[in-house]
Amino acid sequence: MHSSKIILGLFLCTLMQASALPVKNSTGVHEGKVRMKRKYSDEIPDDEEMNAMDQILMVNSRFSAPRGLSIRDGDIATSYVRSAISCPGNACLWPKSIDGFVYVPYIMSPLYDDMDRITIETGMQDIAAGTCIKFVPRTHEASFLDIQPRYGCWSFLGQTGGSQTLSLQTPGCMWSGVAAHEFMHALGFVHEQSRSDRDHYVTIVWKNIMTDHIHNFRKQVTNNLNSPYDYSSVMHYGRRAAL
């Protein structure tokens, strides 16, 4: 078991402030090149393979945000009801049950085929393994994830209450790493390079970022719990992401 998953489990089980703690991508999708660079550039693999966030940005570049929504940081949905990408006072975290688990109810669109469902469920299992998170089919719960093949790959940040759309377009978003990434947003996690301490680990090449997308690279207020910065986290932008 990866130590990063153990750290994530401890964090979620104590329901402390949401942060960008790492979850490994178990799909074999490697980190791609993006317009950021590590502080220690000799650690960067020189290949052209895409990571989950690269795939998300490629898919999302082809569509406009649904009416009534805006998409921030590449794939985090916000609305006029809740416009800020923040989780003040842990208000957006899913509640912990008395048995110590955090149950996240969901429904899944019947438009997905069997392979799509397997891919999405694998993303759930990647998070559930070694943590207290349990994704469960909805029965009567008032708040739940509604997983739909809308246009693009996106999610709201944390629990919003009621029916909460999480979009995983098929086939573009049908990577288990992409599904895990969006579920992590639904749990309240921001992108890894948005961590409050990111400047110690990556350099943002601001001149390479389009002006109207600079906000996507701003740091968020996060509690990192002394966890190591994870370049291979499924929540990390690729090195050539300019959005």
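For the structure, see preceding data.
The rules behind the values
Residues numbered from 1 in each chain as written. Predicted model: local features only at pLDDT ≥ 70, side-chain atom pairs only at ≥ 80, totals over all residues. Heavy atoms only, no water. Buried < 20%, exposed > 50% of the residue type's maximum accessible area, 1.4 Å probe, protein only. Helix = DSSP H or I, 4+ residues; strand = E, 2+ residues; numbered from the N terminus. Contact = heavy atoms within 4.5 Å. Polar contact = N/O pair within 3.5 Å; in protein donor to acceptor, adjacent residues only side chain to side chain. Axes fitted to C-alpha atoms, helices over the stretch in contact; angles between N-to-C directions. Parallel < 35°, antiparallel > 145°, perpendicular 65-115°, else oblique. Nonpolar A, V, L, I, M, F, W, Y, C, P; charged D, E, K, R; others polar. Pairing = 2+ DSSP bridges. Right-handed = clockwise from strand over helix to strand, strands pointing away. Core = buried A, V, L, I, M, F, W, Y, C linked by side-chain atoms within 4.5 Å. Disulfide = S-S within 2.5 Å.

Caption draft 1: Layout of helix α2 (residues 52–60). The element α2 is extensively covered by neighbouring structure, given that eight of its nine residues are classed as buried. When we look at burial in α2, the residues that qualify are A52, M53, D54, Q55, I56, L57, V59 and N60. Against β7 (153–156) and α4 (176–186) lie the buried residues of α2. One side-chain oxygen of the residue at the start of α2 lies 3.2 Å from the amide nitrogen of M53, identifying that residue as N51.

Caption draft 2: Geometry of the packing of α2 against α4. Running from N to C, α2 and α4 cross one another at 85°; their axes reach a closest spacing of 9 Å. By the angle between their axes, α2 is roughly perpendicular relative to α4. Packed against α2, whose contacting residues are A52, M53, Q55 and I56, the element α4 presents G177, V178, H181 and E182 at the interface. Its residues assigned to classes, the contact of α2 with α4 comprises four nonpolar, three polar and one charged.

Caption draft 3: Structural detail: the pairing of strand β5 (residues 133–137). Direction of pairing for strand β4 (residues 102–108) relative to β5: parallel, over a ladder of five bridges. Bridging from a neighbouring strand, Y106 pairs with P137 of β5. In this fold, β4 hands off to helix α3 (residues 114–128), which returns the chain to β5; that crossover is right-handed.

Caption draft 4: Region of the structure containing the pairing of β4. Counting buried positions along β4 gives five out of seven residues, so the element sits mostly inside the fold. The pairing of β4 with strand β6 (residues 144–148) spans three bridges and is classified as parallel. When the bridges of β6 are listed, M108 appears paired with I147.

Caption draft 5: Focus on the nonpolar core. If you look at the biggest cluster of nonpolar residues, it comprises 41 residues, and the most contacted ones within it are I120, F135, L145, I147, L168, F183 and L187. Elements with a contribution of two residues or more to this core: α2, β4, α3, β5, β6, β8 (163–168), α4 and β9 (202–204). Per element, the largest residue contribution to this core is six residues, and it comes from α4. Beyond its immediate stretch of four places on either side in the chain, F183 contacts I120, G123, M124, I127, F135, L145, I147 and L166.

Caption draft 6: Just the state of the cysteines, in detail. Across all of its chains, the model carries one disulfide by this definition. There is a disulfide in this structure between C153 and C173, and the S-S distance comes to 2.0 Å. Negative torsions about the S-S bond denote left-handed disulfides, and the value of about -95° found for C153 with C173 makes this one left-handed. Within this pair, whereas C153 is found in strand β7, its partner C173 is found in the loop between β8 and α4, the two being separated by 20 residues in sequence. For the pair C153 and C173, one class covers both residues: buried.

Everything listed here is a matter of coordinates, which is why it stays silent on function.
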